[in-house]
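# Structural overview for review
The chain contents come next:
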Amino acid sequence: SIPLVDSKGRILAVAVKKIDTPQYNQDTTEAAELINKAREEADFKPAEKRGKRGYDFAAVAYGISYGKGQPHPMRLGGSRRRLMEQLLSRPCMSHIAHHQSSAYAAFSPKNYRHYFEGNRKLYEKLPDLRPNFPKSEFACITVNFGPRTRTHIHTDAKNTAHGMCAVTALGSFDPKLGGHLVLWDLKVLIEFPPGCTILLPSALLRHSNTAVQAHKTRFSVTQYTAGGIWRWLDGGCRTEVDIKRNDPEGWQKLQAYKNGRREHVLNMFSRLEDLQAGLKS
């Protein structure tokens, strides 16, 4: 694997080593075929193919999210819920999701622990909620239905500021001719072959990917957790509006926490030397 670190040794992103086994290669091939079939059968409307990430492709989110006036974290619904339920029920999708979560645990253990403990609190408070996958600590997944995707430069503001999202590329494209990941703030262009996974703090780094050849396909699956979920938990399972209205002392504590958020965010990124020391011990 190839970690990208800053001047302090903090791991900002990771190009995760590909699992090169017959089973995983079969999983990624099957996942691409399933996504392509679902895309053809879904007949996405023009409005579903327009978003901040780009045009001419649909990207569908499914899982637990929080925002846009929701009273508490809830499972996303929408007209494509049945499509996503069928797609995510396949073992190949679970295998990819579990690999993404394991990579997160390996390269961002502080964040992974934060997610693990937060999810236990979330499911205890809202027992009707269930994760998308039994061995993944990410709350939500977005499937990019391609098939020849070039995304716009963007950040994912909903994602946790210090958290990483896990992106796995799928399809039949030649990674030397297209499908590269571009990290604009770091001035880095990364070959992103089918079946490979990248971890990155998508709320902090501007990113996009290049188009692939006209006769090839590229899809992706991305797992992440909305930052609003952690803010709801940090607020005692209350909205900020409720805290401000009914708990003046709690509101002052929340503002003090926000003022120190920068250091908190930076401290959540693991250092390469710490991971190396842990392996030696």
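Our subject is the structure that appears above.
Moving on to the side chain of threonine 225. If you trace the backbone, threonine 225 turns up in the loop between β13 (218-224) and α5 (227-234). If we ignore the near neighbours within four places in the chain, the residues touching threonine 225 are Tyr115, Glu137, Phe138, Ala139, Lys158, Asn159, Thr160 and Trp230.

Helix packing for two helices is described by the angle between their axes and how far apart those axes are. Where helix α3 (residues 91-107) contacts helix α4 (residues 109-125), the axes come no closer than 5 Å and their chain directions differ by 125°. As summarised for this structure, α3 and α4 are arranged oblique, according to the angle between their axes. Every residue of α4 that contacts α3 at Ser101, Tyr104, Ala105, Ala106 and Phe107 is listed here: Pro109, Asn111, Tyr112 and Tyr115.

Here eight strands make up an open sheet; going across it, the order is β1-β2-β11-β8-β13-β7-β5-β6 and the pairing antiparallel. Either end of the sheet is taken by a strand with one partner, and the two such strands are β1 (2-5) and β6 (74-75). Direction of pairing for strand β2 (residues 11-16) relative to strand β11 (residues 197-200): antiparallel, over a ladder of three bridges. When the sheet's bridge partners are listed, valine 16 is paired in β11 with threonine 197.

Turning next to the pattern of salt bridges. The tally for this structure, following the rule as stated, stands at twelve salt bridges. Measuring nitrogen to oxygen at the nearest pair gives 2.9 Å for the salt bridge that ties glutamate 48 to arginine 80. Of this pair, glutamate 48 sits in the loop between α1 (22-42) and β3 (50-51) while arginine 80 sits in the loop between β6 and α2 (81-88); the two residues are 32 residues apart in sequence, bridging distant segments of the chain. Taking relative accessible area as the criterion, arginine 80 reaches 16% and is therefore assigned buried. Note that aspartate 247 and arginine 238 form a salt bridge whose closest N and O atoms lie 3.2 Å from each other. Arginine 238 gets classed as partly exposed once you look at its relative accessible area, which sits at 27%.

Burial within strand β8 (residues 165-171) is extensive, with six of its seven residues counted as buried. Here four bridges tie β8 to β11, and the two strands are oriented antiparallel to one another. Following the sheet pairing, threonine 168 is matched in β11 by threonine 197. The pairing of β8 with β13 spans six bridges and is classified as antiparallel. Of the residues in β13, the one forming a bridge with alanine 169 is serine 220.

To describe a pair of aromatic rings, you give the distance between the ring centres and the angle between the ring planes. Using the criterion set out here, one finds five aromatic pairs in the structure. Taking 5.2 Å as the distance between ring centres and 75° as the angle between the ring planes, the aromatic pair formed by tyrosine 104 and tyrosine 115 counts as edge-to-face. Note that tyrosine 104 is positioned in helix α3 and tyrosine 115 in helix α4, a separation of eleven residues in sequence. Accessibility assignment for this pair places tyrosine 104 and tyrosine 115 in one class, buried. Ring geometry for tyrosine 115 and phenylalanine 138: centres 6.1 Å apart, planes at 85°, overall edge-to-face. Taken together, the residues span a long stretch of sequence, with tyrosine 115 in helix α4 and phenylalanine 138 in the loop between α4 and β7 (140-144) at a distance of 23 residues. Of the two residues examined, tyrosine 115 and phenylalanine 138, each falls in the buried class. Taken together, the ring pairs connect Tyr104, Tyr115, Phe138 and Trp230 into an aromatic cluster. Its guanidinium or amino end placed over the ring of phenylalanine 116, arginine 120 lies 4.2 Å from that ring's centre, counting from NZ or CZ.

The next subject is the sheet that holds strand β12 (residues 207-209). Across the sheet, three strands lie side by side as β10-β9-β12; this open sheet has antiparallel pairing. Of all the strands in the sheet, the pair left with one neighbour each is β10 (188-190) and β12. Ignoring strand direction, the axes of neighbouring strands in this sheet form an average angle of 20°. When strand β9 (residues 181-183) meets β10, the two strands line up antiparallel, connected through three bridges. Bridge pairing links valine 182 to leucine 189 in β10.

This part takes up the environment of arginine 271. Position of arginine 271 among the secondary structure elements: in the loop between α8 (261-267) and α9 (272-280). In the structure, arginine 271 is positioned 56 residues away from histidine 215 in sequence and 41 Å away in space, judged by C-alpha atoms. For arginine 271, the side chain forms a polar contact with the main-chain oxygen of lysine 8, separated by 2.6 Å.

Criteria and thresholds
Residues numbered from 1 in each chain as written. Predicted model: local features only at pLDDT ≥ 70, side-chain atom pairs only at ≥ 80, totals over all residues. Heavy atoms only, no water. Helix = DSSP H or I, 4+ residues; strand = E, 2+ residues; numbered from the N terminus. Contact = heavy atoms within 4.5 Å. Axes fitted to C-alpha atoms, helices over the stretch in contact; angles between N-to-C directions. Parallel < 35°, antiparallel > 145°, perpendicular 65-115°, else oblique. Pairing = 2+ DSSP bridges. Salt bridge = Lys/Arg side-chain N within 4 Å of Asp/Glu carboxyl O. Buried < 20%, exposed > 50% of the residue type's maximum accessible area, 1.4 Å probe, protein only. Phe/Tyr/Trp six-rings, centres within 6.5 Å; stacked < 30°, edge-to-face > 60°. Lys NZ or Arg CZ within 6 Å of the ring centre and 35° of its normal. Polar contact = N/O pair within 3.5 Å; in protein donor to acceptor, adjacent residues only side chain to side chain.

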